[in-house]
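The lines below spell out each chain.
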Amino acid sequence: MIEIQIAGAGAGKTYGLSQRIFECNNLNDSHKVIYAITYTNSAKNKISETIIKKYGYVPEKIKIETVHSFFLNEIIYPFSKYSISEIFNNAVSFKLPDADALKNYKKRILKEKQIIHNEDVFKKAKIIIDRDNSKHGSKLKKSKVDLIVSHITSKISHIFIDEAQDLDFDALKAFEILGLNNIKTYMIGDPKQAIKNPTDFNGFIELCKSKESDFYKILPNNNITKRLPKEILKISNIFCPLDQKQEVENNKKGNAYYLTSKESDFYKIIEHYKSDNKLIFIEKRQHIYNTHNISKNIFFPLTLEDKLRNLKKYSHLDKDLFIKSISNELKNQLEVNNIQNVLKEFQVKYCSMETSEYAELKETLINSLNNSESKYIVQSIDSVKGLESDVCLFILNEIMFNYLIGNITVDKHHNKIWKKLYVALTRTNETLIFVVDMSLFPNISLGKIIQEFGNLEIIKFDFFKSQNF
């Protein structure tokens, strides 16, 4: 059985899913486990906290995992050799090169080390349990798949999937296979927030509807929001399909303001909310606004990391801590030295580098240096999805502004940018401030921007009034 529920922003998706898990656990008298699956660790922690609040601990029969961990631990690690003659015992998630040839080379090196990149986890898991895949053409291979699925379903009674819109089609199909093999599967998600894979969740829902089977149940949409105030809902509903427009459960009014860089205290206001840990976000890195923090680790090329791990001089040290210490050392050196000297000292102290290793590490250091020189480290829209705050600052650029005012062609409706905008509009519980830095608007005048805000009933922000001065 596969149940699918569409629920909008602030509808209490995680709470509702947790209640279903409680009901299921209370009725579960078998040896089988119940899985709660999320896309991110932060969402995993949120479900864990809800369950601990209910029971005081996480019951033994309830397993809470990210979707990647679930596929790795339940499908790929134990069964990839048996099913597709490939061995994996580790996974990594560093950024791969954009060029296909270099990306495939990286993946090939990883595979030789029995490592899978997270980018391939969904596809590989689906192949392993999909008896109709071309890799399982013979009766023997199909029987292997059947045995694997039988083994998995003998252990698991239910799978509850939060934020299902983040999954791609391969992941959704893998869960469908399990759902059609006696694991009761419940998915809840919001297609309007499908940033990573904008069309896959909707496409999967339509596919399930077309099958008209007792194995599929599409539940009524949950369009009631418990969190968003009325003034925000008036704007966010513009970006909802007709059957997913939301209604507010409470009478909270909320506020929608705009703030422009023509104000004398513009940067001070941003600094105030940043120091107060409010959500401040932008579509992508632009001008003085960066979405990455230099405190993140510097990642070495794989071949270079191998060299470092096998240095006899440091063989007595914990290898992971040793690599991390070198990463921190390079970050510290970047603050007082130029990149060429940092790389030179690295080779003198540790090891020589091939031309490709040198170039790749240099590029990494350049990116870290660029990040550190940004005036403001803010978050991307992608990174704040699932988060909320009483006050949110949304730094607009021309692209987002044109989407906000509807200055786009019909073919761009409900695409990735459209859905990013919906996510940005729905992070606040009370006040949303549209931040307009005119350096990000080379082609639109301030007068035009203010006029369009007026059309949306978004008013000018008065910081001192908001602070009750």
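Rules used in this analysis
- Residues numbered from 1 in each chain as written.
- Predicted model: local features only at pLDDT ≥ 70, side-chain atom pairs only at ≥ 80, totals over all residues.
- Heavy atoms only, no water.
- Helix = DSSP H or I, 4+ residues; strand = E, 2+ residues; numbered from the N terminus.
- Buried < 20%, exposed > 50% of the residue type's maximum accessible area, 1.4 Å probe, protein only.
- Contact = heavy atoms within 4.5 Å.
- Areas by Shrake-Rupley, 256 points an atom, 1.4 Å probe, with all protein chains shown as cover.
- Lys, Arg positive; Asp, Glu negative; His and termini not counted.
- Charge placed at Lys NZ, Arg CZ, Asp CG, Glu CD.
- Pairing = 2+ DSSP bridges.
- Axes fitted to C-alpha atoms, helices over the stretch in contact; angles between N-to-C directions.
- Core = buried A, V, L, I, M, F, W, Y, C linked by side-chain atoms within 4.5 Å.
- Polar contact = N/O pair within 3.5 Å; in protein donor to acceptor, adjacent residues only side chain to side chain.

## Some details on the overall build of the protein chain
Point 1. Per the secondary structure count, the protein chain includes 19 helices and 18 strands.
Point 2. Summarising its shape, the C-alpha atoms of the protein chain cover approximately 70 × 65 × 45 Å along the three principal directions.
Point 3. Every one of the 469 residues in the protein chain was classed for burial, and the buried ones make up 50%.
Point 4. In the protein chain, once contacts between residues fewer than 6 apart in sequence are set aside, the share between residues at least 24 apart is 75%.
Point 5. If you sum the accessible surface of the protein chain, you get close to 23200 Å²; carbon and sulfur atoms cover 49% of it.
Point 6. Of the charged side chains in the protein chain, 68 are positive and 58 negative, and the gap between their average positions amounts to 3 Å.

## What to know about the pairing of strand β2 (residues 33–38)
Point 1. For β2, the buried fraction is high: six of the six residues fall into the buried class.
Point 2. What you see with β2 is no split at all: Val33, Tyr35 and Ile37 on one side and Ile34, Ala36 and Thr38 on the other are buried throughout.
Point 3. Here five bridges tie β2 to strand β6 (residues 156–161), and the two strands are oriented parallel to one another. For Val33, the partnering residue across the bridge sits in β6 and is Ile156.
Point 4. Of the pairings in the sheet, the one linking β2 to strand β3 (residues 62–66) comprises five bridges and is parallel in character.

## Points about the sheet that holds strand β17 (residues 428–436)
Point 1. Spatial ordering of the open sheet is given by β15-β12-β16-β17-β11-β18, a layout of six strands whose pairing is parallel. The sheet is open, and its two borders are formed by β15 (379–380) and β18 (459–460), each paired with just one other strand.
Point 2. Sheet topology places strand β12 (residues 279–282) next to β15; two bridges connect them, and they run parallel. Each residue of the ladder has a partner; that of Phe281, found in β15, is Gln379.
Point 3. Along the sheet, helix α17 (residues 416–425) contacts β12, β16 (389–395) and β17; its crossing angle with β17, the most-contacted strand, is approximately 125 degrees.

## Things to note about the nonpolar core
A general trend in soluble globular proteins is that nonpolar side chains are found buried together.
Point 1. Tyr289, Phe394, Leu396, Leu404, Phe434 and Phe453 are the most contacted members of the largest nonpolar core, which totals 54 residues.
Point 2. No other element matches α17, which puts six residues into this core.
Point 3. Beyond its immediate stretch of four places on either side in the chain, Phe434 contacts Ile235, Tyr257, Tyr258, Leu259, Phe394, Leu396, Leu404, Leu425, Phe453 and Ile458.
Point 4. Core analysis: the next-biggest nonpolar cluster, separate from the first, contains 45 residues, Ile6, Ile37, Ile127 and Ile156 among them.

## So, helix α7 (residues 169–179)
Point 1. With nine of eleven residues buried, α7 is to be regarded as a mostly interior element.
Point 2. Every buried residue of α7 is accounted for by Ala171, Leu172, Lys173, Ala174, Phe175, Glu176, Ile177, Leu178 and Gly179.
Point 3. The N-terminus of α7 is capped by Asp168, whose side-chain oxygen sits 3.1 Å from the backbone nitrogen of Asp170.

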